[in-house]
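# Results of the structural survey
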Amino acid sequence: MTATTDTPRLPFARPNVLEIAPLYDVLRRQGPVVRVTTPVGDPAWLVTGFDQVRTVLSDPRFGRSHPAPEEASSLSDAAILSRPQGDHDTEHAEHARMRKMLVPSFSANRMRRLAGHVQELADGCFDAMDRAHAENPGEPVDLHEVLSFPLPVLVICELLGVPYEDRDKFRVLSDRMGRTDIGSGADAALDEFAEYMGGLAAAKRRNPAQDVVSDMVRAQAGDPSFSDDDLARLAAGLLFAGHETTSNRIDLGVLFLLTDLARRDALVADPEGRVHGVVEEILRMSAPGGLGILRYAHDDVDLGGVAIARGDAMVLSLGAANRDESVFPDAATFDPDRKPNGHVAFAYGGWFCIGASLARTELRVVFGSLFRRFPGLRLAVGVDELEVRVNRVTGGVDRVPVLW
């Protein structure tokens, strides 16, 4: 497959961070799988159909690895989610092995037990909101800085066993490794991040604790093939994903609820009864980034009536799939009462996000208590004034100014 000059090029223009690009609907009408060009100029197939996205995520004929990595299309210059990963011959077995090792650390039962402590951490962030408001009465408070970023960092640091006082270090590294506009600087940041996590793992070997990095160290002792570099990079990926994606969902969830105050007021009136549906609809509709999940065909495959050749790149747009009208009627409408709501915000099948229970726990705590604490919360600017971070692979916004 080769890119052509008339092939749409990612990322597509979008009205604001709460809406996906209108071009996704246009392309889906052409078919659920269409040719596009990646931001770096490589050819790829864009998958926007819900059923086709789930097929790619559950069919072993697709994966993150490539039979000839040096020839593979890239999605961007970011150090993550942008190019082939893993060994083509062993990828699926290795992925299953890593999931088996990590599942106990991220089990739903463990997350439920953690919920009370997440509430304590959230209450601390709400206190910080109050202090920021008291220090500058009448001025907007940046909810991103006092809640959306620090809360997921606090939670993932505690779960992994990472010192919270190191947050500024890995915040900078996370930002750099997800950048699409700094060339080799993104890869250098990932290497530095892995080196940091490797040092932490070494400390856990000397003094293990009840945390995920210690769990990984213990697993490594029984599996010599799980190298120090494997552990360090896996831990770095968990730390990145564990705060970056949840932070974005808190930001966008607040924006969804404050751009229509009737949504906010309905949640204020019945937080316990409505929070589950609100969180699931936030997950379905949130599309912080403008790219997608990268996969490669391991064999010649027919997908959605399109012949995909071995080695072809697939860009799975979860945001577009979650607004597929054939699955979600009135898909562009925020509807917390939507049932069923089997979205693919956490991917699907063997690639279903291992941290889904953790993210749901955090989001239910935040949206079950934020408006109870601040029932008059409102945006200080219009959502169209918030700039989408197009130079980050995870997208999102840098600020969410609020008043109450």
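The structure this text deals with has already been given above.
Cut-offs and rules
- Residues numbered from 1 in each chain as written.
- Predicted model: local features only at pLDDT ≥ 70, side-chain atom pairs only at ≥ 80, totals over all residues.
- Heavy atoms only, no water.
- Buried < 20%, exposed > 50% of the residue type's maximum accessible area, 1.4 Å probe, protein only.
- Helix = DSSP H or I, 4+ residues; strand = E, 2+ residues; numbered from the N terminus.
- Pairing = 2+ DSSP bridges.
- Salt bridge = Lys/Arg side-chain N within 4 Å of Asp/Glu carboxyl O.
- Core = buried A, V, L, I, M, F, W, Y, C linked by side-chain atoms within 4.5 Å.
- Contact = heavy atoms within 4.5 Å.
- Axes fitted to C-alpha atoms, helices over the stretch in contact; angles between N-to-C directions.
- Parallel < 35°, antiparallel > 145°, perpendicular 65-115°, else oblique.
- Nonpolar A, V, L, I, M, F, W, Y, C, P; charged D, E, K, R; others polar.
- Phe/Tyr/Trp six-rings, centres within 6.5 Å; stacked < 30°, edge-to-face > 60°.
- Lys NZ or Arg CZ within 6 Å of the ring centre and 35° of its normal.
- Arc of directions from axis to C-beta.
- Left-handed = near helix turned anticlockwise from the far one by under 90°.

### Description of the pairing of strand E5 (residues 293–297)
A large share of E5 lies buried, amounting to 4 of its 5 residues. Bridge analysis of strand E3 (residues 62–63) against E5 gives 2 bridges, and the strand direction is antiparallel. Counted as the bridge partner of Gly 63 is Tyr 296 from E5.

### Here we look at unusual backbone geometry
Peptide bonds are mostly trans, and most non-glycine residues show a negative phi. Between Leu 10 and Pro 11 the backbone carries a cis peptide bond, its omega angle lying at -10°. Tracing the sequence through the fold places Pro 11 in the segment before helix H1 (23–30). Even without being glycine, Asp 330 reaches a positive phi, approximately 50°. Inspection of the secondary structure assignment puts Asp 330 in the loop between helix H13 (318–321) and helix H14 (356–373). Residue class for Asp 330 comes out exposed when judged on its relative accessible area of 55%.

### A word on the pattern of salt bridges
For the coordinates displayed, the defined rule picks out 27 salt bridges. The network of salt bridges with shared partners includes Asp 175, Arg 179, Asp 181 and Arg 392.

### A short note on the sheet that holds strand E4 (residues 141–142)
Ordered in space as E4-E10-E9, the 3 strands form an open sheet in which the pairing is antiparallel. On the outer flanks of this sheet lie E4 and strand E9 (378–379), each paired with one strand and no other. Where E9 lies against strand E10 (residues 401–403), 2 bridges are found, and the strand directions are antiparallel. Its bridge partner lying in E10, Leu 379 is registered against Val 402.

### Section: the nonpolar core
Leu 143, Leu 147, Met 197, Phe 367 and Leu 370 are the most contacted members of the largest nonpolar core, which totals 109 residues. Looking at this core element by element, the count peaks at 13 residues for helix H10 (residues 228–258). For Met 197, the contacting residues outside a window of four places in its chain are Val 162, Val 213, Ala 232, Ala 235, Ala 236 and Leu 239. Grouped together as the second largest cluster of nonpolar side chains are 22 residues, Trp 45, Phe 50, Ile 308 and Phe 328 included.

### So, the packing of helix H11 (residues 261–269) against helix H12 (residues 271–285)
Between H11 and H12, the least distance of the axes is 6 Å, while the angle of their chain directions is 130°. In terms of orientation, H11 and H12 fall into the oblique class. For the pair formed by H11 and H12, the contact residues are Ala 266, Leu 267, Val 268 and Ala 269 on the first element and Pro 271, Arg 274, Val 275 and Val 278 on the second. In terms of residue class, the contact of H11 with H12 is built from 7 nonpolar, no polar and 1 charged.

### Details of the sheet that holds strand E1 (residues 33–37)
On the basis of which strands lie adjacent, the open sheet formed by 5 strands has the order E1-E2-E8-E5-E3 and mixed pairing. Looking at which strands have only one partner, the edges of the open sheet turn out to be E1 and E3.

### A closer look at the packing of aromatic side chains
Applying the stated criterion across every chain, the model contains 6 aromatic pairs. Between Phe 50 and Phe 328, the aromatic rings sit 5.5 Å apart at their centres with planes inclined by 85°, giving edge-to-face as the arrangement. Remark: Phe 328 occurs in the loop between H13 and H14 and Phe 50 occurs in helix H2 (residues 50–58); sequence separation between them is 278 residues. Phe 328 gets classed as buried once you look at its relative accessible area, which sits at 1%. Taking 5.4 Å as the distance between ring centres and 20° as the angle between the ring planes, the aromatic pair formed by Phe 256 and Phe 334 counts as stacked. Of the two residues, Phe 256 is situated in helix H10 and Phe 334 in the loop between H13 and H14; the sequence distance between them amounts to 78 residues. When sorted by exposure, Phe 256 lands in the same class as Phe 334, which is buried. Counting every residue linked through ring pairs, the aromatic cluster contains Phe 126, Phe 374 and Trp 404. Cation over ring: Arg 171 sits above Phe 149, and NZ or CZ is 3.8 Å from the ring centre. Note that Arg 284 overlies the ring of Phe 328, its terminal NZ or CZ placed 5.3 Å from the centroid.

### What about H1?
When H1 is considered as a whole, its buried residues turn out to be Tyr 24, Leu 27 and Arg 28. Seen along its axis, H1 keeps its buried residues to an arc of 105°; they face one direction. H1 presents Arg 29 and Gln 30 as exposed residues on the side facing more than 90 degrees away from its buried surface. If you follow the buried residues of H1, they end up packed against E1, strand E2 (43–47) and H13. Phi turns positive, to about 160°, at Gly 31, one or two residues after H1.

### Brief notes about the environment of His 298
Assignment of secondary structure puts His 298 in the loop between E5 and strand E6 (301–303). Linking His 298 and Ala 313, residues 15 residues apart in sequence, is a C-alpha distance of 9.9 Å. Setting aside chain neighbours within four positions, we find His 298 in contact with Pro 60, Arg 61, Phe 62, Gly 63, Ser 65, His 88, Glu 91, His 92 and Arg 310.

### Describing the environment of Asp 335
Among the structural elements, Asp 335 can be located in the loop between H13 and H14. Judged by relative accessible area, Asp 335 falls into the partly exposed class, the value being 28%. Distance in space between the C-alpha atoms of Asp 335 and Ser 369 is 20 Å, their sequence separation being 34 residues.

### What to know about the packing of H10 against H14
Packing of H10 against H14 leaves a shortest axis separation of 11 Å and a crossing angle of 35°. Between H10 and H14 the crossing geometry is right-handed. Here Thr 246, Arg 249, Ile 250, Gly 253, Val 254, Leu 257 and Leu 258 of H10 lie close against H14, whose contacting residues are Ala 359, Glu 362, Leu 363, Val 366, Phe 367, Leu 370 and Phe 371. A breakdown of the residues in the contact of H10 with H14 according to their chemical character gives 10 nonpolar, 2 polar and 2 charged.

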